[in-house]
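# Fold and geometry: a report
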Amino acid sequence: MTDPQAALQLVLQQSFDWGNETIPLHAATGRVLRQTVHADRDQPPFDRVAMDGIAIDYAAYRSRRRFPVAHTAPAGTAPLPLTDPSHCVEVMTGAPLPPGTTTVIRYEDLQRDGDAFIVPEGVEDGRSIHRRANDGRAGDRVLEPGRYIGAAELAALATYGVGEVTVARRPRVAIASTGDEVVPVQQTPLPHQIRSSNVWQLAGLFRDVGIEPTVSHLSDEARLGQELLRQLLADHDLLLLNGGVSKGKLDHVPDWLATAGVEGLFHRVAQRPGKPLWVGRSTQTMVFALPGNPVSSLVGALAYVGPFLRQQLGVVRPARQAVLTREVTFVPDLQLFQQVSLASVSGEQRASPLDHGGSGDLLSLLRTDGFCVLPRGRTTFSAGEAFDFLPLSLR
Ligand SMILES: Nc1nc2c(c(=O)[nH]1)N[C@H]1C(S)=C(S)[C@@H](COP(=O)(O)OP(=O)(O)OC[C@H]3O[C@@H](n4cnc5c(N)ncnc54)[C@H](O)[C@@H]3O)O[C@H]1N2
Ligand code: MOO
């Protein structure tokens, strides 16, 4: 049996060249950025009027309150300067501040008087102006490789004129269930059958990171099963098998993989749940054969597939910890992935251990926010102690 730390190291020692690609910005949502983005301009690029109203020269305001309108400055036009400081410029939000003016007063605070505005007492200089370079300077490093592209990243890329983005190429991922007891969700199961839920769980983890996996089922019948396995290996960068890896008479996945030329890296890890995990690789495909129990399958994906995928895509995820709300006792010499629900209390992540019906209890996952990783070599894990926390995500 392999130690969980050693197993993770072995997984992370495997590397494959999945490459990058350059795609239009509109297609970049959910992709992993693989380029550094520098600001091509200051942000804002000019002193930006932040309120609709008028702009005046504050020096003139010291001796007058009535300001006739010299001209109007809409957003999107080069600003005409104010040459006569006894006048004002009507300005719109987003316009560059007209040269010769120093402060903006919004309409709500003004009184109209014919073609002029009456400015109230107590106006301050330099108000309602979003200053040039306040938020960032030309040349700044704005985005580093390894970020998932979401709303904020798209807006930053657009603002700096990055219309074509270099992102990590998506791996071709296949997920295959095994076992003749599982039937598709559309089919009414016989009393001794169950609907296949694990492929939905696993496919959902990938869809959440923008990868659409191929989903199929390996028959227990050797010729059919092995034929499909060979095809899946030929066409994919990453293969997840589910079930058929423990000691049952029909647990032939490891043998079939060996026959198909996949080199085994380890089989069985000193952990609960998910002990029967089998991991291997061929020249071009990384293979995770996850145990069939639904919680074991999820733990295998979060604890091993996730780190592998992030390493391949160049994603850096900050480590997370959570503090146990009550003591956990666990005697076997195994690393325990403890199911927890999470609450944030005064900025601290508190993890409440959950009771459940074992690794086959997929309904317990409905109340689970993630897993606390309780290491081997101890039996008592105290309330108030912090442990690594795995959220239910491959991100
Ligand atoms: N003699 C031993 N028996 C078992 C051991 C062991 O060490 N010695 N390990 C146990 C552990 S731990 C686990 S976990 C399971 C894992 O077994 P397999 O990976 O071989 O998985 P299966 O036997 O095929 O299935 C286990 C369980 O999960 C259900 N299943 C399978 N596929 C799906 C699916 N797509 N959707 C939902 N549920 C699925 C399957 O029907 C079984 O109930 O082995 C223990 N046994
Ligand atoms: O790996 Mo199993 O999950 O302990 O039932």
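Residues numbered from 1 in each chain as written. Chains lettered and ligands numbered in written order. Predicted model: local features only at pLDDT ≥ 70, side-chain atom pairs only at ≥ 80, totals over all residues. Heavy atoms only, no water.

Along the backbone of the protein chain there are seven helices and 28 strands. Taken over the C-alpha trace, the protein chain has a radius of gyration of 30 Å; the compact-globule value for 395 residues is 21 Å, which it surpasses by more than 25%. For the protein chain, the C-alpha atoms occupy an extent of roughly 95 × 50 × 40 Å along the three principal directions. In the protein chain, which comprises 395 residues, the proportion classed as buried is 47%. (Helix = DSSP H or I, 4+ residues; strand = E, 2+ residues; numbered from the N terminus. Rg over C-alpha atoms; globule rule 2.2 N^0.38 Å. Buried < 20%, exposed > 50% of the residue type's maximum accessible area, 1.4 Å probe, protein only.)

Near ligand 2, the surroundings consist of R272, P273, G274, K275, P276, N293, S296 and S359. In the environment of ligand 2, an oxygen atom lies 2.4 Å from a nitrogen or oxygen atom belonging to the backbone of G274. S359 places a polar side-chain atom, nitrogen or oxygen, 2.4 Å from an oxygen atom of ligand 2. Partitioning the shell around ligand 2 into residue classes produces two nonpolar, four polar and two charged. (Near = heavy atom within 4 Å. Polar contact = N/O pair within 3.5 Å; in protein donor to acceptor, adjacent residues only side chain to side chain. Nonpolar A, V, L, I, M, F, W, Y, C, P; charged D, E, K, R; others polar.)

Okay, the domain arrangement of the protein chain next. Examined at the domain level, the protein chain breaks down into domain 1 (4–19 + 169–313), domain 2 (20–40 + 141–168), domain 3 (48–130) and domain 4 (321–391). Computed from C-alpha atoms alone, the centre-to-centre distance between domain 3 and domain 4 is 60 Å. (Domains from an automatic or database assignment.)

Near ligand 1 there are 19 residues, and of these E181, S197, V245, S246 and G292 occur at the shortest range. Contact between ligand 1 and N198: a nitrogen atom at 3.1 Å from a main-chain N or O atom of the residue. Interatomic distance of 3.0 Å between a backbone N/O atom of V245 and an oxygen atom of ligand 1. Expressed as a share of its isolated accessible area of 870 Å², the protein-covered part of ligand 1 is 70%. Broken down by class, the residue content of the shell around ligand 1 amounts to five nonpolar, eleven polar and three charged. (Areas by Shrake-Rupley, 256 points an atom, 1.4 Å probe, with all protein chains shown as cover.)

The subject of this paragraph is the sheet that holds strand β8 (residues 111–113). Sheet architecture is open: six strands sit in the order β7-β4-β6-β5-β9-β8, paired in mixed fashion. Looking along the sheet, the strands with just one partner apiece sit at the ends: β7 (103–106) and β8. Pairs of neighbouring strands in the sheet enclose a mean axial angle of 40 degrees, with direction left out of account. Summarising the sheet, β8 and strand β9 (residues 116–118) pair through three bridges and their orientation is antiparallel. In the strand pairing of β9, R112 is matched with F117. (Pairing = 2+ DSSP bridges. Axes fitted to C-alpha atoms, helices over the stretch in contact; angles between N-to-C directions.)

Among the five residues of strand β26 (residues 370–374), five are classified as buried, and the element is accordingly described as predominantly covered. Bridge analysis of strand β24 (residues 335–345) against β26 gives five bridges, and the strand direction is antiparallel. Following the sheet pairing, V340 is matched in β26 by G370. As paired elements, β26 and strand β28 (residues 386–391) share three bridges and run antiparallel to each other.

Another aspect to go through is helix α5 (residues 222–235). The end-to-end C-alpha distance of α5, which contains 14 residues, comes to 20 Å, matching closely the 20 Å that a straight helix rising 1.5 Å per residue would cover. For α5, the set of buried residues is G225, Q226, L229, L232 and L233. The buried side chains of α5 occupy one side of the element, clustering within an arc of 125 degrees when seen end-on. Contact partners of the buried residues in α5: β13 (173–178), β16 (214–218), β17 (238–242), α6 (253–259) and β21 (286–290). (Expected span 1.5 Å × (residues − 1). Arc of directions from axis to C-beta. Contact = heavy atoms within 4.5 Å.)

Turning to the pattern of salt bridges, a few remarks are in order. Evaluation of the coordinates by the stated rule reveals 19 salt bridges. Taking the shortest distance from any N to any O, the salt bridge between R132 and D42 comes out at 2.8 Å. With R132 in the loop between β10 (129–130) and β11 (141–143) and D42 in the loop between β2 (37–38) and β3 (48–49), the pair connects residues that are 90 residues apart, well separated along the chain. Judged by relative accessible area, which is 13%, D42 ranks as buried. Measuring nitrogen to oxygen at the nearest pair gives 3.1 Å for the salt bridge that ties D237 to R172. On the criterion of sequence distance, the pair formed by D237 in the loop between α5 and β17 and R172 in the loop between β12 (164–168) and β13 is long-range, its members being 65 residues apart. We classify R172 as partly exposed; its relative accessible area is 36%. What you see here is one network of salt bridges that share partners, running through D3, D333 and R376. (Salt bridge = Lys/Arg side-chain N within 4 Å of Asp/Glu carboxyl O.)

Running from N to C, helix α1 (residues 4–12) and helix α7 (residues 294–313) cross one another at 30 degrees; their axes reach a closest spacing of 9 Å. Here α7 runs roughly parallel to α1, going by the angle between their axes. In the crossing of α1 with α7, the sense of the turn from one axis to the other is right-handed. Mapping the contact onto sequence places P4, A7, L8, V11 and L12 in α1 and A303, Y304, P307, F308 and Q311 in α7. Broken down by class, the residue content of the contact of α1 with α7 amounts to nine nonpolar, one polar and no charged. (Parallel < 35°, antiparallel > 145°, perpendicular 65-115°, else oblique. Left-handed = near helix turned anticlockwise from the far one by under 90°.)

Bringing the side chain of S296 into the picture now. With respect to the element layout, S296 can be found in helix α7. Judged by its relative accessible area of 3%, S296 falls in the buried class. Setting aside anything within four residues of it in sequence, one finds S296 in contact with P273, G274, P291 and S359.

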